[in-house]
Amino acid sequence: MAWENPFKEMANSKPLFLTIYATVLIGIVFSSVYVFSAIYSSPHSTTFSLSIAPSTSSDAKAEPSGQASNLSRVQADDDSTAVNSQLQSKLSKPIWRVPPAGSKMPDLETFKLSKELVQERVIDNVVVVTFGNYAFMDFILTWVKHLTDMGVENLLVGAMDTKLLEALYWKGVPAFDMGSHMSTVDVGWGSPTFHKMGREKVVLIDSILPFGFELLMCDTDMVWLKNPLPYIARFPEADVLTSTDQTVPTVTDDRLDMWQEVGAAYNIGIFHWRATESSKKLAREWKEMILADDKIWDQNGFNELVRRQLGPSVDDDSGLVYAYDGNLKLGLLPASIFCSGHTYFVQAMFQHLRLEAYAVHTTFQYAGTEGKRHRLREAKVFYDPPEYYNPPGGLLTFKPAIPKNLLLDGEHSIATHFALVNYQMKQIRTALAVASVLNRTLVMPPLWCRLDRLWFGHPGILPGSLTRPPFVCPLDHVFEINVMLKEMPNVEFGPGISIREYSLFDNPSMPEEVKKSWLDVHLCQEGSSGCQVNNTSQTGNLKLPKHSTEETLKTAFSKFENVKVIQFSSMQDAFDGFTDKTREERFRNRVKRYVGIWCCVENHTPGHIYYDMYWDEKPGWKAAPPNSTADDHPPW
């Protein structure tokens with residue numbers, strides 16, 4: 001009804017009806033004023049003003065521990081949740097809105113952690129937090145973008161160094177200063193700095209919980225694939241929900257994992273805390289434990305405390321268990337959908353069970369931070385700048401050929417696994433050489449394995465897991481990605497060779513202009529029809545003689561330098577070697593270090609077996625662990 005109609009009707013009605021209309025309209029006006037006043041005075045509607053918020057003390061009084069979670073209350077009405085969350089998101093400063101041009105970075109005091117600062121990002125009493133140093137800037141931006149793409153904006157990033165804090169501010173990402181004064185470079189797993197980062201996490205949890213908000217705490221080396229907040233709201237009684245390193249499914253749907261069957265460590269890379277007395281007590285004791293002994297790994301400390309008492313179940317249905325002090329209600333997030341690096345990248349457990357994954361954490365991998373990036377890139381869930389997809393010099397790719405008998409025939413054993421991997425490795429070795437000659441970035445092929453890789457003795461495939469050999473294994477199962485991307489002295493190892501993940505061309509971020517600039521190369525027998533180096537065809541196809549030399553490659557591709565992508569139909573017999581023997585030796589020195597180990601043979605010390613890039617040059621080469629410590633060294 002149009003707004004003018006009531007007034008027109010009132011003018012033509014009797015006094016009694018005039019009085020009724022007037023009363024109704026006045027009621028509407030006053031109701032509207034009340035509603036809008038309530039909305040704008042709501043603590044959740046505070047505009048995000050991190051750049052100008054006054055510094056306040058972080059030791060604010062705790063919220064009442066018995067306060068019910070807003071998140072759990074609204075779960076019964078999904079439509080109300082969506083509308084409420086959208087409304088509150090609009091009332092906050094949108095993420096990715098950069099500061100105005102010409103503005104200055106606010107004083108660091110502005111970014112100190114406080115209840116007021118956190119509350120500016122809280123929706124439905126929940127805040128999602130990660131933290132890191134500048135070395136993980138790209139991980140953090142990926143983490144944020146996945147959440148904001150799903151409409152989750154109640155997030156905060158803890159900056160462990162000023163460089164990260166400033167970078168996030170200028171990108172419009174809400175952040176706070178953890179006061180850690182961390183190094184801005186990458187820290188290796190297990191290093192003293194790594195353990196310091198873990199302790200900072202525990203201190204952070206203990207600092208935020210007294211504010212009274214629900215806290216979803218995440219490591220930066222994980223990615224959200226689906227909005228987790230509705231799932232978490234299904235368990236309003238849980239004090240803590242945590243992910244695990246479980247590799248064998250305990251449920252086949254999206255229920256919590258059965259705590260009685262989870263024997264693996266509870267992994268603190270993804271966990272949710274409600275601000276209850278039990279959870280705050282756990283956080284305090286955990287903090288005191290790890291600060292008292294810097295040799296305790298934060299995750300081990302958490303497991304020790306939580307498992308101090310485990311059981312009985314809270315009830316018959318929820319999957320929660322009493323833990324820690326007998327009062328804490330703990331839930332174990334299902335490893336099938338809150339995935340580890342094993343259940344996602346190796347088993348693809350969620351796909352086998354026809355489920356949707358909520359998250360993937362880059363655990364169970366073997367090449368440090370570079371390996372984590374590469375895994376996320378293989379899965380097409382890592383965000384890179386446009387130039388990543390269009391590198392200088394262009395891209396080189398090839399179609400790998402694998403005989404059926406190597407892939408499928410016989411039992412899955414150490415011998416058949418190495419036969420399969422070695423066959424692929426030889427093709428990759430040739431492709432690396434061609435990429436080096438043409439100064440192009442090599443798109444690695446998908447790598448097939450028949451056996452899993454772990455850091456302990458195992459039968460090849462973990463019993464009870466959903467790993468189904470053969471499978472496309474992560475590149476770090478065979479190749480030392482951190483070594484491949486490391487700068488090495490040219491005088492000893494020759495020029496570096498850039499690589500990309502096998503899924504690059506399937507990534508939605510790949511520009512069409514790159515894929516359209518494409519040259520297909522077909523190997524041919526020298527002397528056959530059209531098999532000439534000086535063939536000037538510009539039709540997007542080129543015939544190249546097998547066993548080409550360095551000079552042949554340079555000559556054949558000199559006129560295709562501006563083509564973005566060159567794809568070989570095969571790498572078998574494509575290259576006959578470098579003409580310059582010094583360069584050949586340097587190349588060999590480099591790529592020998594590109595491969596790692598398979599691990600591990602059961603009941604044998606040492607149990608690992610070294611991959612050898614030049615296995616085919618050693619008659620009688622066999623896949624076997626070193627006989628002794630003296631023999632335990634790479635094949636170079």
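Residues numbered from 1 in each chain as written. Predicted model: local features only at pLDDT ≥ 70, side-chain atom pairs only at ≥ 80, totals over all residues. Heavy atoms only, no water.

A few points about the overall build of the protein chain
The helix and strand tally for the protein chain stands at 21 helices and 22 strands. A total of 636 residues make up the protein chain; the buried ones form 53% of that total. In the protein chain, of all internal contacts separated by at least 6 residues, the share reaching a separation of at least 24 is 71%. Roughly 28600 Å² of accessible area belongs to the protein chain as shown, and the carbon and sulfur atoms make up 53% of that amount. (Helix = DSSP H or I, 4+ residues; strand = E, 2+ residues; numbered from the N terminus. Buried < 20%, exposed > 50% of the residue type's maximum accessible area, 1.4 Å probe, protein only. Contact = heavy atoms within 4.5 Å. Areas by Shrake-Rupley, 256 points an atom, 1.4 Å probe, with all protein chains shown as cover.)

Remarks on the state of the cysteines
Here a disulfide denotes a covalent bond joining the sulfur atom of one cysteine to the sulfur atom of another. Overall, the coordinates contain three disulfides when judged by the stated rule. Note on cysteine connectivity: Cys449 is disulfide-linked to Cys473, with sulfurs 2.0 Å apart. Since a negative S-S torsion denotes a left-handed disulfide, the Cys449-Cys473 link at about 50° is right-handed. Taken together, the residues span a long stretch of sequence, with Cys449 in strand β15 (residues 447-449) and Cys473 in strand β16 (residues 471-473) at a distance of 24 residues. Bridging Cys524 to Cys531, the disulfide has an S-S length of 1.9 Å. Its S-S torsion of about 85° marks the bond between Cys524 and Cys531 as right-handed, since a negative value means left-handed. Looking at Cys524, the relative accessible area reads 9%, which means it is buried. (Disulfide = S-S within 2.5 Å.)

Some details on the packing of helix α16 (residues 414-438) against helix α21 (residues 581-592)
The contact between α16 and α21 brings their axes to 11 Å, and the two run at 130°. One finds that α16 runs oblique with respect to α21. Taken as a pair, α16 and α21 cross one another with a handedness that is right-handed. Between α16 and α21, the residues in contact are Arg429, Leu432, Ala433, Ser436 and Val437 and Arg583, Phe587 and Val591, respectively. Considering only residue class, the contact of α16 with α21 consists of five nonpolar, one polar and two charged. (Axes fitted to C-alpha atoms, helices over the stretch in contact; angles between N-to-C directions. Parallel < 35°, antiparallel > 145°, perpendicular 65-115°, else oblique. Left-handed = near helix turned anticlockwise from the far one by under 90°. Nonpolar A, V, L, I, M, F, W, Y, C, P; charged D, E, K, R; others polar.)

Looking at unusual backbone geometry
For the peptide bond that leads from Cys599 to Cys600, omega is 0°, which places it in the cis range. Within the fold, Cys600 resides in the loop between β21 (597-598) and β22 (609-610). Going from Thr605 to Pro606, the amide bond is cis rather than trans, its omega being -10°. Inspection of the secondary structure puts Pro606 in the loop between β21 and β22.

So, the sheet that holds strand β20 (residues 565-568)
One open sheet accounts for six strands, arranged β17-β14-β13-β20-β18-β19; its pairing is parallel. Of all strands in the sheet, those bounded by a partner on one side alone are β17 (499-500) and β19 (541-545). Running over the sheet, α16 touches β13 (395-398), β14 (441-443) and β20 and is turned about 155° from β13. (Pairing = 2+ DSSP bridges.)

A closer look at the pairing of β13
Neither face of β13 is open: one carries Leu395 and Thr397, the other Leu396 and Phe398, and all of them are buried. Pairing of β13 with β14 involves two bridges; the strand directions are parallel. Paired with Leu396 across the strands is Leu442, a residue of β14. As judged from the four bridges shared by β13 and β20, these two strands associate in the parallel manner.

What to know about helix α20 (residues 550-557)
For α20, the complete set of buried residues consists of Glu550, Thr552, Leu553, Ala556 and Phe557. The arc enclosing the buried residues of α20, seen along the axis, measures out at 165°, which places them on a common side. On its buried face, α20 sits against α16, β18 (518-524), β19, β20 and α21. (Arc of directions from axis to C-beta.)

Focus: the sheet that holds strand β12 (residues 359-361)
One open sheet accounts for three strands, arranged β5-β12-β11; its pairing is mixed. In the strand order of this sheet, the two ends are held by β5 (222-224) and β11 (338-339), each with one partner. Pairing geometry for β11 and β12, over two bridges, is parallel. Its bridge partner lying in β12, Cys339 is registered against Val360.

Some remarks on the side chain of Ser570
Along the chain, Ser570 falls in the loop between β20 and α21. A relative accessible area of 15% places Ser570 in the buried class. At 3.1 Å, the side chain of Ser570 and the backbone nitrogen of Gln572 are in polar contact. Other than its neighbours up to four places away in sequence, Ser570 contacts Lys399 and Leu523. (Polar contact = N/O pair within 3.5 Å; in protein donor to acceptor, adjacent residues only side chain to side chain.)

A short note on the environment of Leu320
Take Leu320: it is sitting in the loop between β8 (310-313) and β9 (321-323). For Leu320, a relative accessible area of 2% gives the class buried. A C-alpha to C-alpha distance of 5.4 Å links Leu320 and Leu330, two positions ten residues apart in sequence. Leave out the neighbours within four places in its chain, and Leu320 touches Glu237, Ala238, Leu241, Leu256, Trp259, Ser313, Val314, Leu330 and Gly331.

Comments concerning the pattern of salt bridges
With the rule as written, the count across this model stands at 25 salt bridges. A salt bridge links Asp219 to Lys201, with the nearest nitrogen and oxygen atoms 2.8 Å apart. Here Asp219 is found in the loop between β4 (214-218) and β5, whereas its partner Lys201 is found in helix α8 (residues 192-208), with 18 residues between them in sequence. Close ionic contact of Lys618 with Asp612 constitutes a salt bridge, the shortest N to O distance being 2.4 Å. Given a relative accessible area of 4%, Asp612 falls into the buried group. (Salt bridge = Lys/Arg side-chain N within 4 Å of Asp/Glu carboxyl O.)

Some words on the packing of aromatic side chains
What describes a pair of aromatic rings is the distance from one ring centre to the other and the angle between the planes of the rings. A full pass over the atoms with the stated rule returns 26 aromatic pairs. Relative to Phe350, the ring of Tyr344 has its centre 5.1 Å away and its plane inclined at 15°; by these criteria the two rings are stacked. Summarising the burial analysis for this pair, Tyr344 and Phe350 share the class buried. Judged by centre distance (5.9 Å) and plane angle (35°), the rings of Phe557 and Phe568 are tilted. Linking Phe557 in helix α20 with Phe568 in strand β20, this pair joins segments that are eleven residues apart in sequence. (Phe/Tyr/Trp six-rings, centres within 6.5 Å; stacked < 30°, edge-to-face > 60°.)

Regarding the environment of Ala419
The residue Ala419 is located in helix α16 in this model. Along the sequence, Ala419 and Lys622 sit 203 residues apart, while their C-alpha atoms lie 9.5 Å from each other.

As for the pairing of strand β1 (residues 126-132)
Counting buried positions along β1 yields seven of seven residues, so the element is predominantly enclosed. Pairing of β1 with β4, which is carried by four bridges, proceeds in the parallel orientation. Opposite Val129, over in β4, you have Met217 as the bridge partner. Strand direction decides the pairing type here: β1 and strand β2 (residues 155-159), joined by five bridges, are parallel. Directly across from Val128, in β2, lies its bridge partner Leu155. With respect to chirality, the unit in which β1 leads through helix α6 (residues 137-149) into the neighbouring parallel β2 is right-handed. (Right-handed = clockwise from strand over helix to strand, strands pointing away.)

Such coordinate-based values are descriptive only and should not be taken to indicate function.
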